[in-house]
Structures are given as structure tokens and as C-alpha cells.
Amino acid sequence: MADTEMLDIGPDKSLLLLDDDEPFLRRLARAMEKRGFEPVTAESVAEGKAIAASKPPAFAVVDLRLEDGNGLDVVEMLREKRPDARIVVLTGYGAIATAVAAVKIGATDYLSKPADANDVTNALLARPADKPPPPENPMSADRVRWEHIQRVFELCDRNVSETARRLNMHRRTLQRILAKRSPR
């Protein structure tokens, strides 16, 4: 799809973009405007909630982690105010647990950063019966394992012993894995 191709979005083209990465937010707003949406931007949970309360949009792209809280609070409020809204949760901290939580409270889809305007548009306009195409170049099994270990390590405040216990692996084995570079 070309960047400037107009889409059949429907009569209500309102779109809330909520992200605390200001340059990314500006780029995404311009790209979504070129696709026919009418974006309104916000950089905090408070701003997002204010927009959701006063004029709930038909579409929303909400970052999960924001400086003043969790984007899921905005998703929840938006779902209450506008049950038909199509909401995509966008985050740099992709995890199955947060994806499940986002969908349970009303997100239509969940994308990990970096996601471009085409990914966002496809997620916003996809119908529930549509299955997304398989990724062009998915992570290798070694990379998925490494990402999981890194995530648990961070959640355990970088405590090797606690991480090893939670992953049910020997501490020395974990130390060797952590000392290596990430696989491709």
C-alpha cells in the first residue's frame, strides 16, 4: 500500500494517537492523516483520558507504557465511552501477558514497536475474521528464547539467582547465556 493511498475508513475518521515518544507520534500522525484518518495526539495517560471522555474517537493507537501510567487505563475508558472503537495497543515491551490483558479489556489488536503506519492501518481496519499474514522474517527460536530470558531477567531486577530459579535453570547456565550476544 502506498503511503498516500486513501482508504475506506468509514464516516467517522477520528483517531487518537497516544505515545510519549514525540517524534514517533508526529511521524505517525502525518502518515495516518495521509491515509484519510483525522488524528488527535496525546502524550500522557491524563491527556488520553481527557480526549476519550470528551470526544471518544472511532480509532485509537495507544502506547502501553507512558510516563504517567499505563495506556491500558485509556483503553478501558475508551471502551466504556465508545464500545465500537477499534483500538490497537502499541508497545516496545512486547509480552504475551500484556497482549492478553490488552485484548481482554477491549483492544482490537496488539503490535510491538517498531511498527510502521502500514502495520497500524492494517491492524485498525482488519475485520475480526481476518487472519494476519505470517511475518516476513520472524525471530528465530534462539532469539525468542533469548528475548524471554532477558525479559524475565529484567522483571527480576537483573537478579541472576532469582531469574534462574524462575526459569528453572542452573544459575551458571543462565550466566553463560547472559554473557553472550543476542542471536539473530
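Scroll up a little and you will see the structure.
About the criteria used
- Residues numbered from 1 in each chain as written.
- Predicted model: local features only at pLDDT ≥ 70, side-chain atom pairs only at ≥ 80, totals over all residues.
- Heavy atoms only, no water.
- Patch = residues over 30% accessible without salt bridge, like charges linked within 9 Å, V, L, I, M, F, W, Y side chains within 5 Å.
- Areas by Shrake-Rupley, 256 points an atom, 1.4 Å probe, with all protein chains shown as cover.
- Salt bridge = Lys/Arg side-chain N within 4 Å of Asp/Glu carboxyl O.
- Lys, Arg positive; Asp, Glu negative; His and termini not counted.
- Charge placed at Lys NZ, Arg CZ, Asp CG, Glu CD.
- Helix = DSSP H or I, 4+ residues; strand = E, 2+ residues; numbered from the N terminus.
- Buried < 20%, exposed > 50% of the residue type's maximum accessible area, 1.4 Å probe, protein only.
- Pairing = 2+ DSSP bridges.
- Right-handed = clockwise from strand over helix to strand, strands pointing away.
- Contact = heavy atoms within 4.5 Å.
- Phe/Tyr/Trp six-rings, centres within 6.5 Å; stacked < 30°, edge-to-face > 60°.
- Axes fitted to C-alpha atoms, helices over the stretch in contact; angles between N-to-C directions.

**Q** Is there a simple way to explain a positive patch on the surface in this structure?
**A** A contiguous patch of positive charge, built from Arg145, Arg171, Arg172, Arg176 and Lys180, is present on the exposed surface. With three residues, the single largest contributor to the positive patch is helix α8 (residues 171–179). The residue arginine 176 is located in helix α8 in this model. Residue arginine 176 is classed as partly exposed on the basis of its relative accessible area of 49%.

**Q** Would you mind going over the pairing of strand β1 (residues 14–18) with me for this structure?
**A** The side chains of a regular strand alternate between the sheet's two faces. The buried fraction of β1 amounts to five of the five residues, a majority that puts the element mostly inside the structure. Of the two faces of β1, both are covered, the one formed by Ser14, Leu16 and Leu18 as well as the one formed by Leu15 and Leu17. Summarising the sheet, β1 and strand β2 (residues 38–42) pair through five bridges and their orientation is parallel. The residue bridging leucine 15 from the neighbouring strand is proline 39, located in β2. Regarding topology, helix α1 (residues 22–34) serves as the crossover connection from β1 to the parallel β2, and that connection is right-handed. Bridge analysis of β1 against strand β3 (residues 59–63) gives four bridges, and the strand direction is parallel. Its bridge partner being in β3, leucine 16 is matched across the sheet by alanine 60.

**Q** Got a minute to help me understand the side chain of serine 44 in this structure?
**A** Here serine 44 shows up in the loop between β2 and α2 (45–54). With a relative accessible area of 14%, serine 44 lands in the buried category. If we skip the residues at most four places from it in the chain, serine 44 touches Leu18, Leu66 and Asp68.

**Q** Just checking my understanding: could you explain the packing of aromatic side chains for this structure?
**A** Any pair of aromatic rings gets described here by the distance separating the centres and the angle formed by the planes. This model, assessed by the stated rule, comprises one aromatic pair. Aromatic side chains phenylalanine 37 and phenylalanine 59 sit 5.2 Å apart centroid to centroid with 90° between the ring planes, which places their arrangement in the edge-to-face category. Here phenylalanine 59 lies in strand β3 and phenylalanine 37 lies in the loop between α1 and β2, a separation of 22 residues in the sequence. Both residues of the pair, phenylalanine 37 and phenylalanine 59, belong to the buried class.

**Q** Explain unusual backbone geometry here, please?
**A** Note: most peptide bonds trans; most residues except glycine with negative phi. With a phi angle near 55°, aspartate 157 is a residue other than glycine that sits in the positive phi range. Judged by relative accessible area, which is 69%, aspartate 157 ranks as exposed. Residue asparagine 168 is not a glycine yet carries a positive backbone phi of 55°. Within the element layout of this structure, asparagine 168 appears in the loop between α7 (160–167) and α8. Since its relative accessible area comes to 72%, asparagine 168 is described here as exposed.

**Q** Sorry if this is basic, but what is going on with the sheet that holds β2 here?
**A** Neighbouring strands of a sheet are bound in pairs by backbone hydrogen bonds; such pairs are parallel or else antiparallel. Spatially, the five strands line up as an open sheet ordered β2-β1-β3-β6-β7, and their pairing is parallel. The strands lining the two open edges of the sheet, one partner per strand, are β2 and β7 (109–112). Shown here is a sheet whose adjacent strand axes are inclined to one another by a mean of 20°, direction ignored. For β3 and strand β6 (residues 86–91), the ladder comprises five bridges, and the chain directions are parallel. Its bridge partner being in β6, valine 61 is matched across the sheet by valine 88.

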